[in-house]
Each structure stands twice: as C-alpha cells, then as structure tokens.
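# Coordinates in review
One-letter residues, chain by chain:
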Amino acid sequence: MRRIISVLLENEPGALSRVVGLFSQRNYNIETLTVAPTEDETLSRLTVTTTGSDKVIEQITKQLNKLIEVVKLVDLTEGSHIERELMLVKLKTTGSQRAEIKRTVDIFRGQIVDVTSSVYTVQLAGDSEKLDGFIQAVGTSGVLEVVRTGVSGIARGEKVLSL
Amino acid sequence: MELLSGADMLIRSLQDEGIEYIYGYPGGAALHIYDALFRQDKVKHILVRHEQAAVHMADGYARATGKPGTVLVTSGPGATNTITGIATAFMDSIPMVVLCGQVASTLIGEDAFQETDMIGVSRPVVKHNLSVRHPEEIPEVIRKAYYIASTGRPGPVVVDIPKDMTTPNERFEYVFPKKIKLRSYNPAIRGHAGQIKKAVDMLMAAKRPIIYAGGGVVLGKASDQLTELVRMLGYPITNTLMGIGCYPASDKQHLGWLGMHGTYESNMAMHHSDLILCVGARFDDRVTNATEKFCPGARIVHIDIDPASISKTIDADVPIVGPVDAVLKEMITLVKESKDKPDADAIASWWKQIDEWRAFHGMRYENSGDTIKPQEVIETLCRLTNGEAYVTSDVGQHQMFAAQYYKFDKPNRWINSGGLGTMGFGLPAAMGVKLTHPDDEVLCITGEGSIQMNIQELSTCKQYNLPVKIINLNNQALGMVKQWQDMNYESRHSQSYMESLPDFIKLAEAYGHVGVRIDRKEDLEAKLKEVLAMKDELVFVDIYVDRFEHVYPMQVARGSMKDMWLSKTERV
Ligand SMILES: Cc1ncc(C[n+]2csc(CCOP(=O)(O)OP(=O)(O)O)c2C)c(N)n1
Ligand SMILES: [Mg+2]
C-alpha cells in the first residue's frame, strides 16, 4: 500500500543522506521525497511516499526512528490528511488547441504562468492522482516537459507534527 | 579559562571520558593528534600493524569489559582500512568510537591527497557518525560519540576530524560537557508495565515454554537477572551464539545454543514449544532457518532495547521495548508476587520430552581414529583451563567447534564475530582482551585460513607483551567452505584448499614468539599443558586436525528448526 511518511529531521548536513541511504540499504522503495527547513530553522520537514506491506512499513518507520537525527515522524496515511503536489508542465500549443488547453487548465484549476506563441507553461497543484489526470486529459503528445515536486502532506484537524 | 588546541582538546576529552587505551595507526591527517598524545601519559596508545586490527582490538576490549573501545587512524587508507572492523562491531552491537583524521576542511571535495568521504563510506555500518566543524566543538562531539555508542542498542560511532580542527597554534576554551542530551535520541529506560504483566501471565500458563536469550543479555549486563528468572521458573533455556555465557552452560536447565549448528535438543525444544520468551536476541536467519516454518505452535514474547529488532523477521505476540536488565527485574518481581504458579505437570512432561531429545543426541562426535579431532582439542582446552578462559575465535569450522565444546559459565568470555562472520577477528580481539586481563588465560581459537588475515599482529603482541595462546586448528583447508562444497556441490572443492601453508612455527619464532606443533593424538593433552604453563609467552600452537571433519548438527537449508543433519549420514 502507498504511504506518506512525514519526518521532522535535525537540519544538519548529512542528515538527508542518512534517510536516503537507509531506503536503498534496506531495499525500501522511495516514490517521492520532498524536504525543506521548517519555521524553526534547526528542523527540516521531510515527506516521503513509499509502498510496502504493513510489515515493511512498520520496519521503515522503526528504522527511520532509529536514525539519531530523526526527531519525530508520523505515517499520515494512518489518519485523514491533506496531500499536495505541485507540477509545472510545458505544453506545445498552437492554433485552435490553445483554447482547448486553456479550458482543461481551468477545469483542473491550474494556471497558465508563462506563454509564448507556441508554448503554455501550466502550474497545477493537487494530489498526485489529479496531476496524473491532467496529463492524461491534455494527452502526452503535446507535453514538452514535466516537473513535479513530490508529495507534501499534513494531517487534518487539530493533529500536528511538532516538537 | 583553559585554552587548548583542538588536538589537545581531543586527548583531554578522552581523558575526561575515562578512556584508558586507544588502538591506532598514525598518518598525515592525524599527526597533530599524535603529537598531543605524545605529550601526555594518561591515555595509552597501542600501535597495531594494520588498522583493521586496531578496530578488532578495541572490539575485543569492549566485549570483555563492557566498556566502549577507542580507535584512532588517519584519513583515506587509514580510515577505509577500519571499515571491516566497524562493520563487524556494528553487526554485533559493540560500543566503540573510531576517530579518523581527515584532510583540512578547506580541501574537502577537491580529491586531496588521502581524502576519502569517511562519513559517506561508513554510514551504512555505524550507529552514527559525526564530523568536527569547529575546534571548540571537539569536547562535545567526543562526549556525544561515547554517549551514543554506549547507550540504547550500542554500536560503533565514527568521528571525522579535519586536520585544521587540530592545528597546534590555534587555542580555544576547553569545556567538557557534564551531560549530553539529544532531543532526537531517547533510548527506552524501562519496559511497558502492562506488556510485562501480560508476558508473565503467559509464562505462568505455558505448557512447553522455552527461554531464548541472545547477545543483548551480555551487552545489557543482565546475566544475573536472567539466571534468577530462569531458575525461579524452572524452564529450559537456550541461547544464541552471541549469547553464550549469559546463562551457565553447565546448568541442567541449559540446552546449549541453537540455530544452524546448535544442539539437537535446543532446536527440537524451540520447534515444539508453545511459548518463546526471547530476551535480547533478534531471530536471525542463522537461528530461525526458514521463517515460514518457524516454531508453528509458539507464541512469542520479545524483549529488546531496539524496537526495530522486534517483529522484523518473526512477529512477536507481546513486544516489550526496554533494557533487558530492567525488564527482567520487573518480571522477577511479578513472578514472585504471582498467585499463579507454573503448571507443574505440564512442565514435568515437557522436561521428560527434552531429556529424551538430549539422550538421543546431545553433543557427540566420532573419535575412534588416529587423527586429532578438532572437537577433542577444544574439550581438552576447556578441561585444562577449567572453562574459565577468555576465548576469541575466527570464523569457520573451528569457531563452531569452539562454541560447541568449550563450556562457558560466565558472560563476556566467548568473543566472536557472530553477525558479520569476519575472518581475521580472532587474534586482534584476543590482544584487546589480554591487554586488560593480563592474569587471565586468553585463547584465540583459529584456523590456518583465518589467522593469516591478521597474522601481522604477532608483531604488536611482541611490542606490548601480549602472551595470548593461538590455537590453530589446522585442517589445511578453508574447512567451512569445503564442508558446504561437500554437502551442496558434490565435493567440488573450488578454491577451498590452503596450499603452500607457511611453517607457522618458524613464523611465530620470526616474530619472537614460541611455536609448538601437535600432530599426534597421544601428545595432545601433555603438549597443551606445556603450552598453558608458558604464562609469559605468546605460543602459536599449530595442531594438525582431521581434514575431513564436518560440523554437526547442521540445520537443513530452508527447513524448519527441527530439520537437521546430525552426522554425514543421519538426517532428522
Ligand atoms: C573475511 C572473510 N572472507 C571470507 C569468508 C568466508 N568463509 C567463511 S569460513 C571460511 C573458511 C575459514 O577457514 P579457516 O580459517 O581455515 O577455518 P576452518 O573452517 O578450516 O576451521 C571462509 C573462507 C569469511 N567468513 N570472512
Ligand atoms: Mg582451516
């Protein structure tokens, strides 16, 4: 099953490589990984999406917790949560296609953030399925380039991951 | 206010940490540190002949004393030479701090002379690693390194020290921190009371219980508590290769050790049990055999300081995360207070069954021919040393024979590379033990293959007068490899012969030691007595043993715990 694990990590050199190293060393899978400092600059927030049986996920969280620089973590998929990914797509758009693409962007609540005579650059945020859906809708033939940030997530309601 | 250079701070911190010995080898990036070492006499440095040996020596010291070992090496090749030793310590959870020189911070990343990314190279085989970014940090980094290495589940910690952090003419204020607190590292200090209660209830209700103890009991210094609990309950106990000595081998409740080359009765009792109390062990593949066939009727209580060890390979019904000594102490109290008592009838018939297994096999070997049997060598040594020696071993058949036939009643005396299986471990480990236990008998049981992986340390033994006894069970082959080839590859002995063996006697003599060769069965005991009488000499005893012997019992690959070869022809 797909899981989103959110980690508070000491913001220190080498800490990220330990997390990434752990995944490859123990043969766990990383689908997406995002990391950035938090409002407390001594901490980074890292979000990793992975897949595995319950047993594997349990090992992943335990092994992550064992890393000295991991302060806290939560498996967001255990409760209700919000997940978002940002995508920038460069689309080839000429003539009559332009209006059609514009409509699709609106339906997906995206924005055209850059325009040339033959190219639209579209920005889109949402969960990963929505981003996949957009690519499908516009058709891969017109897609020149795709950049995705990977998933970030946060629990719904009062629950917070903090010190 | 005391001003010290980074190098002096490092050595001062080691003194303040209470470090007696460091094992190491100098080189460019570590020279400021070696100079600081020269100008004091509290911390003693042992100069090895290869950095791998320095790590194994620190490791042997740590295993025998329970205190963290310390290594000091230079950057690049000095640092990479320690990796096998660090990985060995990591697999067996041995507390240790490895201090590595590094090129100056201004040169890092430029492929400078003797630059290696030691933080990166060591990362998968350390509990943690740290680099020094400012000389003033040194006391805190050192304190942190020892704290992390020796608390929770212990393990090796590498400290990378760029050369400009130790420059002699730059001085800073020296403050040794009293306490270290890390917000992200809080090892458990006690087990969950509810879980412990549940475990005790299960123990009382069990009909075919067994205690399965591991190296965690030795590391957690919990032998006394374990012994008390097991005696109180009257239940059978087995332990892992790493747990040897955690419960007296001579006690009748002890079934020997379990797993691939464990005793018949241990493996049978595990397989047929209805409750396994696992204390500080980790259901390693050399114990469980095929996990899907593992102990079908058993419920499992698992005590471990490391939550990641629990339910990793075998699911636990009752997990208890905590230090083994504290958890066992609470269990003892609960057992004493418990209104329920063990089911006497069920336990009596369980013992009856176990005694039948014992009678059926026990530990035995065929000893009718003229050749010296390796098992007989170990039995004789055990007798002659009253089972009280510190025994280190290398890796191979000799290791298994040593573990099977030397009976350890105390912890910390059986010292081997169980997790990584590192040939070359035995001699330096023995040296680390002998250095701090000069009055105890220290035996290194080895093979002609393994001993040659760190034979250069005979020179270190001379320099520091370390009269260990090297017992070379010379079967003129990489015996364990050959055994697997006999069993699985129709005896095609691909690269498992040791041709052109050196004359070990002359070799020992060349290093200034004594060499003794034993090749006749009738000489064995008398000659070993002579060897042990040479208290002040390192004696290299080259014993020509049966070249065709195999280690038994041996679990059948991919079988359950109870599927074993008991000899070349008997399979159960
Ligand atoms: C460094 C290393 N290389 C290879 C092995 C694989 N190996 C395991 S046992 C063994 C043979 C050891 O031979 P020897 O030391 O003579 O012991 P014996 O089995 O003959 O008693 C080998 C090569 C190992 N464990 N460690
Ligand atoms: Mg051999």
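Residues numbered from 1 in each chain as written. Chains lettered and ligands numbered in written order. Predicted model: local features only at pLDDT ≥ 70, side-chain atom pairs only at ≥ 80, totals over all residues. Heavy atoms only, no water.

Bringing the domain arrangement of chain B into the picture now. Residues and elements named next belong to chain B. Per the domain assignment, the segments of chain B are domain 1 (3-173), domain 2 (193-360) and domain 3 (374-551). One C-alpha centre belongs to domain 2, the other to domain 3; they are set 31 Å apart. Buried area between domain 2 and domain 3, both sides added, is near 1300 Å², and the carbon and sulfur share of it is 64%. By the criterion of area lost to domain 3, the three top residues of domain 2 are Leu 241, Ile 244 and His 261, representing 40% of everything that side buries. Summed over the shared surface of domain 2 and domain 3, the result is zero salt bridges. (Domains from an automatic or database assignment. Buried area = accessible area lost by both parts, 1.4 Å probe. Salt bridge = Lys/Arg side-chain N within 4 Å of Asp/Glu carboxyl O.)

Residue and element names in this part refer to chain B. The full set close to ligand 1 counts 17 residues, and Gln 397, Gly 421, Glu 448, Ser 450 and Gly 479 are the nearest of them. One nitrogen or oxygen atom from the main chain of Gln 397 is found 2.8 Å from an oxygen atom belonging to ligand 1. Between ligand 1 and Ser 450, the relevant distance is 2.7 Å, taken from an oxygen atom to a side-chain nitrogen or oxygen of the residue. Relative to its unbound accessible surface of 590 Å², ligand 1 loses 76% to contact with the protein. Elements with a minimum of two residues in the shell around ligand 1: helix H16 (397-405) and helix H19 (479-488). (Near = heavy atom within 4 Å. Polar contact = N/O pair within 3.5 Å; in protein donor to acceptor, adjacent residues only side chain to side chain. Areas by Shrake-Rupley, 256 points an atom, 1.4 Å probe, with all protein chains shown as cover. Helix = DSSP H or I, 4+ residues; strand = E, 2+ residues; numbered from the N terminus.)

On the chain B side, the residues contacting the 20 residues of chain A number 21 residues. Both faces considered, chain A and chain B share a buried interface measuring about 1700 Å² in area, 47% of it formed by carbon and sulfur atoms. Contact with chain B buries surface across chain A, with Arg 18, Lys 55 and Ile 68 of chain A losing the most and accounting together for 38% of the total. At the boundary of chain A and chain B, one finds three salt bridges. Where Asp 315 of chain B meets Lys 55 of chain A, a salt bridge forms, and the shortest distance between an N and an O atom there is 2.7 Å. Our enumeration of links across chain A and chain B arrives at 11 residue pairs in polar contact (both at pLDDT 80 or more). Ranked by the residues each element gives to the side of chain A that touches chain B, the list is headed by helix H2 (residues 54-66) of chain A, at six residues. (Contact = heavy atoms within 4.5 Å.)

Turning our attention to the coordination of the magnesium ion (ligand 2). When a metal holds four donors in a tetrahedron, each ideal angle between them is 109.5 degrees; when it holds six in an octahedron, the ideal angles are 90 or 180 degrees. Protein-derived coordination of the magnesium ion (ligand 2) comes from Glu 448 of chain B (OE), Glu 448 of chain B (OE), Asn 475 of chain B (OD1) and Ala 477 of chain B (O), at a distance range of 2.1 to 2.6 Å. In this structure, the magnesium ion (ligand 2) is surrounded by six donor atoms whose angles at the metal cover 51 to 179 degrees, and the resulting shape is irregular. (Donors = N, O, S within 2.8 Å, 3.2 Å for Na, K, Ca; no water. Tetrahedral: all angles 85-135°; square planar, octahedral: opposite > 155°, others 65-115°.)

This next bit is on the sheet that holds strand E2 (residues 32-37) of chain A. Residues and elements named next belong to chain A. Pairing is antiparallel across the open sheet formed by four strands, whose spatial order is E2-E3-E1-E4. The sheet is open, and its two borders are formed by E2 and strand E4 (70-75), each paired with just one other strand. Strand-to-strand twist in this sheet, taken as the mean axis angle between neighbours without regard to direction, amounts to 15 degrees. Note that E2 and strand E3 (residues 43-51) share six bridges and pair antiparallel. What sits directly across from Thr 34, in E3, is Thr 47. (Pairing = 2+ DSSP bridges. Axes fitted to C-alpha atoms, helices over the stretch in contact; angles between N-to-C directions.)

Below, the discussion takes up the side chain of Gln 40 of chain B. Residue and element names in this part refer to chain B. By the secondary structure assignment, Gln 40 is in the loop between helix H2 (31-38) and strand E3 (44-47). Look at Gln 40 and you get buried, because its relative accessible area is 17%. For Gln 40, the side chain forms a polar contact with the main-chain oxygen of Leu 37, separated by 3.0 Å. A distance of 3.0 Å separates a polar atom in the side chain of Gln 40 from the backbone nitrogen of Lys 42. Setting aside its immediate chain neighbours within four residues, Gln 40 contacts Ile 11 and Gln 15. (Buried < 20%, exposed > 50% of the residue type's maximum accessible area, 1.4 Å probe, protein only.)

Applying the stated criterion to the full structure yields 12 aromatic pairs over all chains. Here Phe 108 of chain A and Phe 134 of chain A contribute two aromatic rings whose centre-to-centre distance is 5.4 Å and whose plane-to-plane angle is 80 degrees, an arrangement assigned as edge-to-face. Of the two residues, Phe 108 of chain A sits in the loop between helix H3 (97-107) and strand E6 (111-115) while Phe 134 of chain A sits in helix H4 (residues 128-138), which places them 26 residues apart along the sequence. On the basis of relative accessible area, Phe 108 of chain A is assigned to the buried category, the value being 17%. Owing to a relative accessible area of 0%, Phe 134 of chain A belongs among the buried residues under this scheme. Here Tyr 406 of chain B and Phe 408 of chain B contribute two aromatic rings whose centre-to-centre distance is 4.7 Å and whose plane-to-plane angle is 40 degrees, an arrangement assigned as tilted. For Tyr 406 of chain B, a relative accessible area of 2% gives the class buried. Taking the relative accessible area as the measure of exposure, Phe 408 of chain B reaches 2% and is therefore buried. (Phe/Tyr/Trp six-rings, centres within 6.5 Å; stacked < 30°, edge-to-face > 60°.)

A separate point is the sheet that holds strand E9 (residues 209-213) of chain B. Residues and elements named next belong to chain B. Read across the open sheet, the six strands follow the order E11-E10-E9-E12-E13-E14; overall the sheet is parallel. Both edges of this open sheet fall to strand E11 (254-257) and strand E14 (318-321), since each of them pairs with a single strand only. Averaged over all pairs of adjacent strands, the angle between their axes in this sheet comes to 15 degrees, without regard to strand direction. Across five bridges, strand E12 (residues 275-279) lies against strand E13 (residues 299-304) in parallel orientation. The residue of E13 that forms the bridge with Cys 278 is His 302. Contacting E9, strand E10 (237-239) and E12, helix H10 (residues 223-233) crosses the sheet at an angle of about 170 degrees to E9. Seen against the sheet, helix H11 (residues 264-272) touches E9, E10, E11 and E12 and runs at an angle of roughly 105 degrees to E11.

Further remarks concern the pairing of strand E7 (residues 119-126) of chain A. Residue and element names in this part refer to chain A. The buried fraction of E7 is high, at six of eight residues. The pairing of strand E5 (residues 81-92) with E7 spans eight bridges and is classified as antiparallel. Within E7, the residue paired with Met 87 across the bridge is Leu 124. Across four bridges, E6 lies against E7 in antiparallel orientation. For Asp 114, the partnering residue across the bridge sits in E7 and is Thr 121.

All names here are of chain B. It is at 9 Å that the axes of helix H1 (residues 6-17) and helix H7 (residues 138-150) come closest, and there the two elements cross at 35 degrees. The handedness of the crossing between H1 and H7 is right-handed. Residues Gly 6, Met 9, Leu 10, Ser 13, Leu 14 and Glu 17 of H1 form the contact with H7, whose own contacting residues are Ile 138, Pro 139, Ile 142, Arg 143 and Tyr 146. Each residue belonging to the contact of H1 with H7 can be placed in one class, and the counts come to seven nonpolar, two polar and two charged. (Left-handed = near helix turned anticlockwise from the far one by under 90°. Nonpolar A, V, L, I, M, F, W, Y, C, P; charged D, E, K, R; others polar.)

Moving on to the pattern of salt bridges. All told, the structure shown has 42 salt bridges over all chains when counted by the stated rule. Between Lys 66 of chain A and Asp 306 of chain B there is a salt bridge, with the nearest N and O atoms lying 2.7 Å from each other. With one member in each of two chains, Lys 66 of chain A in helix H2 and Asp 306 of chain B in the loop between E13 and E14 form a pair that bridges those chains. Given the relative accessible area of 35%, Lys 66 of chain A is considered partly exposed. Residue Arg 286 of chain B is joined to Asp 285 of chain B by a salt bridge in which the shortest nitrogen-to-oxygen separation is 3.4 Å. For Arg 286 of chain B, a relative accessible area of 43% translates into the label partly exposed.

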